[in-house]
Amino acid sequence: MKKVFFVASIVLIAALLTAGLASANGGPHGGYTATTDACAGCHRAHTATGPNLLTASSTYDLCISCHGSTGSGANTNVDDGYYLSTRDDSGGDWNHGAANTPDNAPLLGGGFVNYKGAAVTSSHVPSGTVAAAWGNGVARGATANLADGNLTCASCHDPHGSNNYRIINETVNGTAVSVTQVDEGAAKDYNTEQWADSSISQFCAACHGAYHVTRAGSGTDNSDDGLGNTDYGGDISTFAHRVDMSYSYGGNSNPETVGVISGTTTYTLPLAASGTNNLVVCTTCHLPHGTSATMSGVAASNPGPAGDSALLRLDNRGVCEVCHQK
Amino acid sequence: MREPEGMTTDPEELQEEEKDKKKRRWLLLLLMLLLLLLACVCWLAFRYARQPEPLPEMLPVDVNYPPHYLFSIYGVDRPVGVAVSPDGERIYVAETGGERLVKIFDREGNPLGSFAPPHTTPAQRSPVYLATDHLGRVFVADRLQNVVFVYDEDGVFLDAILGPELSLSEYVAEQVDGFQPEDMFVFNWFEGVYYRPASPEEELAEAAETAGPEEGARLLPIVDIAKWGPLGVRFDGEGRLLLTNTSGDHYVCVVPVEALGATPWRDFNPIPVIFGTAGQGDGQFLFPNTAVIDSQGRFFVTDGNNGRVTVWDREGNFLFYFGRGTGEGAISLPRGAYVDERDRLYVVDAVSQQVKVYDVSGEEVGFLFAFGEWGLDDGQFNYPNDIALDETGRLYIADRENSRIQVWSY
């Protein structure tokens, strides 16, 4: 019975997937044609039975066979947050995808084990062991379980390919999500500058709805998300920051990134495009995979996950200072 | 004088006594024989214990004969590479978890030590495939450091290969006037090349361990090694080094044995054989993991993301490929490979959780058998990644997610 279903799904999925999905840099995700046997790269090539038709118990173990620190099947080493090959592109900066970077440029998503050469201090836990997500239909600072079980790589990405940026799932935690890619060319590769548009906030909001605050102003007006959804309560300045608004500074009214120079180092945060505007989004302050930023003092006592770095891009409240320079 | 008890002078009894004596002598002889036999058995058993596996020539003539599980070596964190010293006495294991060290074990699985590139942190290194040459030196490909590090059998750092035609000591010699073989030099992709002239009171190995930006060491200009990212490491019977490269382009690089004499390799000028490019077509690779050679001199390359093994002639001309698709002998995600002295090709298939074995003695390739299945028990695999054989018929398999090396035998 299972076999029949599998064969039927193969035909169906192969047919669906031929509908023009581009695969990235020789990746096994999507881009299938009816004649390719690319499924075998992740599903058993012979007829032996396996749990869930997959070859082993954990999705993470499968993904990491290629995307791990050994880089033996992909250049995107998500364990260490490095791109393991040289990229040929002039212009651009790694904050927005590829540039003329040598080996080991940091990945846009961050890392699950290390990031920028140091052990991570917080990450999304991709090993299929945690289901409780902050603000998932509940108040900010509280948690509720995801609709389809524990978080894995496949909660966010569709290994079979999708029409979204970085093969992000078209349905996340039961919510339809569409994340558009913005780049220099249409190709999904790592040799051109490319990043997500502002719809990336909606992707995060599929699991952390309460943090998706879009209404202007502070104080009492922040009880809901500004989209007329649930009344989540809580104060924006402690729990959440407004997103999906444009930011301007200096003479530049529509920057792609914002930055400050402190000493000899420039700290930059990426904004995301929406039409011709660039907006503040969740990934302006957070890395989707994991960070090695360190927190101390007040910054270490955030009300949510006890005292960790909450996937923040910069040490302490460095992210705040980039825009609100004192 | 008192006669001893039981002695008699009665002739009949004497006859009986004679018989008894004879019997006893016989028994004694038998006992001696038995003892001799026991000694023989003991000696054989001792020899057997010293050499637990039958020697290769005692193997069944039929090559279609799967091995069996012996035991596992634990104490490694997510191992991805395994190699055996030429005498079969040392097992080297590259781990991706924990401290990301190369660990040394004896044949019984007792830990003997560990090593890593000098002056690197765990987050800066990622040892993957490794191999030993006929001198017992250990060659380790590091995917974050983008080079092949070379150590002596105890893990003392010797030199590194920075490109098809560049060694670390050669680079240092170019940069430094009066470079001496005893001078300290270390490579760290993220920081640069440190160099310090030898001082008489310091041991080279010790110096390499503690070297760094501190006093005395000089930071040399950055080496441009873009597009060099070695992954697979193997040696062939002639002592040539077979590397695969996955940074920039994807290809196989064969370093001739003449280039690999005593270190430091100040004049590293091999004329490498290079073949293949990145892609899905004939003569192309997507993440070639290892290259091995059969007795005819043909190359077999595990073409990871293309799910096949590609075959090349001695000169590096593409011949054919096999293993793509479904059915018997088909491969999902080929990784580490090995050819034994009977021309059996072993391919570790990480996704179907098996080792697949092919007969490559003829012109065509024949599938023989596969062993292993997914699981956490003895003899079961959880994303296996590499295999090495020794001359006593032992197989060592890096069982990544089970964090162990499985030892199998014929």
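Bear in mind that the values here come from a model prediction, so they are computed numbers and not experimental data.

### Regarding the overall build of chain A
Okay, so step 1: Looking only at helices and strands, one finds seven helices and 17 strands in chain A.
Okay, so step 2: With 326 residues in all, chain A has 46% of them scored as buried.
Okay, so step 3: Carbon together with sulfur atoms contributes 57% to the accessible area of chain A, which is approximately 14600 Å² in total.

### Re the overall build of chain B
Okay, so step 1: From N to C terminus, chain B includes three helices and 30 strands.
Okay, so step 2: The burial tally for chain B puts 56% of its 410 residues in the buried class.
Okay, so step 3: When the accessible surface of chain B is split by element, carbon and sulfur atoms take 54% of a total near 18300 Å².

### A short note on the pattern of salt bridges
All names here are of chain B.
Okay, so step 1: Under the definition given, this model contains 16 salt bridges over all chains.
Okay, so step 2: Here Glu401 ties to Arg78 by a salt bridge, and the two come within 3.3 Å at their closest N and O atoms. In this pair, Glu401 is assigned in the loop between strand 29 (394–399) and strand 30 (404–409) and Arg78 in the loop between strand 1 (68–73) and strand 2 (79–84), connecting sequence segments 323 residues apart. Pair check on accessibility: Glu401 and Arg78 agree, each one buried.
Okay, so step 3: Taken together, the shared-partner salt bridges in this structure form one network comprising Asp236, Glu238, Arg240 and Arg314.

### Focus: helix 2 (residues 59–67) of chain A
Okay, so step 1: Among the residues of helix 2 of chain A, those classed as buried are Tyr60(A), Asp61(A), Leu62(A), Ile64(A), Ser65(A) and Cys66(A).
Okay, so step 2: For helix 2 of chain A, the secondary structure elements touched by its buried residues are helix 3 (153–156) of chain A together with strand 24 (334–339) of chain B.
Okay, so step 3: Of the residues that open helix 2 of chain A, the one with a side-chain oxygen 3.2 Å from the backbone nitrogen of Tyr60(A) is Ser58(A).

### Here's the deal with the interface of chain B and chain A
Okay, so step 1: The partner chain A presents 41 residues to the 40 residues of chain B that form the contact.
Okay, so step 2: Here chain B and chain A share an interface that buries about 3200 Å² over both sides, 48% of which is from carbon and sulfur atoms.
Okay, so step 3: Interface area lost by chain B to chain A is led by Arg143(B), Trp374(B) and Tyr383(B), which between them contribute 16%.
Okay, so step 4: Taken together, the links from chain B to chain A amount to one salt bridge.
Okay, so step 5: If you look at where chain B meets chain A, you find 15 residue pairs in polar contact (both at pLDDT 80 or more).
Okay, so step 6: When the residues that make up the side of chain B that touches chain A are grouped by side-chain class, the tally is 16 nonpolar, 16 polar and eight charged.

### A look at the packing of aromatic side chains
Okay, so step 1: One pass over the structure, following the stated rule, counts 24 aromatic pairs over all chains.
Okay, so step 2: Positioned above the aromatic ring of Tyr321(B), the side-chain terminus of Arg308(B) is 4.6 Å from the ring centre.

### Topic: the domain arrangement of chain B
Bring the parts together and some accessible area is lost; that lost area is often taken as the interface size.
Okay, so step 1: Partitioning chain B into structural domains gives domain 1 (11–50) and domain 2 (64–161 + 227–409).
Okay, so step 2: Here the C-alpha centroids of domain 1 of chain B and domain 2 of chain B sit 55 Å apart.

### Details of the side chain of Asp61(A)
Okay, so step 1: Of note, Asp61(A) is situated in helix 2.
Okay, so step 2: For the buried Asp61(A), no salt bridge exists, and the shortest N-O distance to an oppositely charged side chain is 4.9 Å, to Arg400(B).
Okay, so step 3: Residue contacts for Asp61(A): discarding those within four places in its chain leaves Asn382(B), Tyr383(B), Arg400(B) and Glu401(B).

### Points about the sheet that holds strand 17 (residues 273–275) of chain B
Residue and element names in this part refer to chain B.
Okay, so step 1: The strand order 14-15-16-17 describes an open sheet built from four strands, whose pairing is antiparallel. In this open sheet, the two strands that pair with only one neighbour each are strand 14 (230–235) and strand 17. Strand-to-strand, the axes of this sheet are offset by a mean angle of 15 degrees, without reference to chain direction.
Okay, so step 2: Bridging between strand 16 (residues 251–255) and strand 17 involves three bridges; their strand directions are antiparallel. Bridge pairing links Val252 to Phe275 in strand 17.

### A short note on the side chain of Ser155(A)
Residue and element names in this part refer to chain A.
Okay, so step 1: You can see Ser155 is positioned in helix 3.
Okay, so step 2: Its relative accessible area of 13% is what places Ser155 among the buried residues.
Okay, so step 3: Residue contacts for Ser155: discarding those within four places in its chain leaves Asn150, Asn169 and Val172.

### A look at the environment of Trp228(B)
Okay, so step 1: Here Trp228(B) lies in the loop between strand 13 (218–220) and strand 14.
Okay, so step 2: When the C-alpha atoms of Trp228(B) and Asp249(B) are compared, they prove to be 8.5 Å apart, with 21 residues separating the residues in sequence.
Okay, so step 3: Setting aside chain neighbours within four positions, we find Trp228(B) in contact with Asp103(A), Asn146(B), Val147(B), Ile161(B), Leu162(B), Gly163(B), Pro164(B), Leu243(B), Asn245(B), Ser247(B), Tyr251(B) and Cys253(B).
Okay, so step 4: A distance of 3.3 Å separates a polar side-chain atom of Trp228(B) from the backbone oxygen of Ile161(B).

### Structural notes on helix 2 (residues 168–175) of chain B
Okay, so step 1: Within helix 2 of chain B, six of the eight residues are buried, leaving the element largely enclosed by the surrounding structure.
Okay, so step 2: Within helix 2 of chain B, burial applies to Leu168(B), Ser169(B), Glu170(B), Tyr171(B), Val172(B) and Ala173(B).

### What about the confidence of the model for chain B?
Residues and elements named next belong to chain B.
Okay, so step 1: Here chain B averages 88 in pLDDT, while 87% of its residues score no lower than 70.
Okay, so step 2: Segment residues 52–60: pLDDT under 50, and 17 contacts once partners within four positions in sequence are set aside and those in other chains are kept.
Okay, so step 3: Ignoring residues within four places in sequence, the model shows residues 200–211, a span with pLDDT below 50, making 16 contacts including any to other chains.
Okay, so step 4: Reported for the predicted complex are a pTM of 0.88 and an ipTM of 0.84.

### Re a nonpolar patch on the surface
Residues and elements named next belong to chain B.
Okay, so step 1: Where nonpolar side chains cluster on the molecular surface, the patch consists of Leu27, Leu30, Leu34, Leu37 and Val41 and spans about 490 Å² of accessible area.
Okay, so step 2: Position of Leu27 relative to the elements: it lies in helix 1 (residues 11–50).
Okay, so step 3: Residue Leu27 is classed as exposed on the basis of its relative accessible area, which comes to 54%.

### Some details on a positive patch on the surface
Okay, so step 1: Among the surface-exposed residues, Lys21(B), Lys22(B), Arg24(B) and Arg25(B) lie close enough to one another that they form a single positively charged patch.
Okay, so step 2: Note that Arg24(B) resides in helix 1.

### Concerning the pairing of strand 13 (residues 257–262) of chain A
All names here are of chain A.
Okay, so step 1: In this structure, strand 13 lies alongside strand 14 (residues 265–270), joined through six bridges in antiparallel fashion. Residue pairing across strands places Ser262 opposite Thr265, the latter belonging to strand 14.
Okay, so step 2: In this antiparallel pair of consecutive strands, strand 13 and strand 14, the connection spans two residues, and Gly263 shows a positive phi of 65 degrees.

### Focus on the environment of Gly379(B)
Residues and elements named next belong to chain B.
Okay, so step 1: Turning to its location among the elements, Gly379 is positioned in the loop between strand 27 (366–371) and strand 28 (384–389).
Okay, so step 2: Exposure remark for Gly379: the relative accessible area of 13% places this residue in the buried category.
Okay, so step 3: Considering only alpha carbons, one finds Gly379 and Leu70, 309 residues apart in sequence, at a separation of 8.3 Å.
Okay, so step 4: Once you skip the residues sitting within four places of it in the chain, Gly379 turns out to touch Tyr69, Gly372, Glu373, Gln406 and Trp408.

### Overview of the sheet that holds strand 5 (residues 111–115) of chain B
Neighbouring strands of a sheet are bound in pairs by backbone hydrogen bonds; such pairs are parallel or else antiparallel.
Residue and element names in this part refer to chain B.
Okay, so step 1: Pairing is antiparallel in the open sheet, where four strands are placed in the order 2-3-4-5. Unpaired on one side and paired on the other, strand 2 and strand 5 mark the two borders of the sheet. The average angle at which neighbouring strand axes cross in this sheet is 20 degrees, direction not considered.
Okay, so step 2: Strand direction decides the pairing type here: strand 3 (residues 90–95) and strand 4 (residues 102–106), joined by five bridges, are antiparallel. In the strand pairing of strand 4, Tyr92 is matched with Ile104.

Rules and cut-offs
- Residues numbered from 1 in each chain as written.
- Chains lettered and ligands numbered in written order.
- Predicted model: local features only at pLDDT ≥ 70, side-chain atom pairs only at ≥ 80, totals over all residues.
- Heavy atoms only, no water.
- Helix = DSSP H or I, 4+ residues; strand = E, 2+ residues; numbered from the N terminus.
- Buried < 20%, exposed > 50% of the residue type's maximum accessible area, 1.4 Å probe, protein only.
- Areas by Shrake-Rupley, 256 points an atom, 1.4 Å probe, with all protein chains shown as cover.
- Salt bridge = Lys/Arg side-chain N within 4 Å of Asp/Glu carboxyl O.
- Contact = heavy atoms within 4.5 Å.
- Polar contact = N/O pair within 3.5 Å; in protein donor to acceptor, adjacent residues only side chain to side chain.
- Buried area = accessible area lost by both parts, 1.4 Å probe.
- Nonpolar A, V, L, I, M, F, W, Y, C, P; charged D, E, K, R; others polar.
- Phe/Tyr/Trp six-rings, centres within 6.5 Å; stacked < 30°, edge-to-face > 60°.
- Lys NZ or Arg CZ within 6 Å of the ring centre and 35° of its normal.
- Domains from an automatic or database assignment.
- Lys, Arg positive; Asp, Glu negative; His and termini not counted.
- Pairing = 2+ DSSP bridges.
- Axes fitted to C-alpha atoms, helices over the stretch in contact; angles between N-to-C directions.
- pLDDT = per-residue confidence, 0-100.
- Patch = residues over 30% accessible without salt bridge, like charges linked within 9 Å, V, L, I, M, F, W, Y side chains within 5 Å.
- Charge placed at Lys NZ, Arg CZ, Asp CG, Glu CD.

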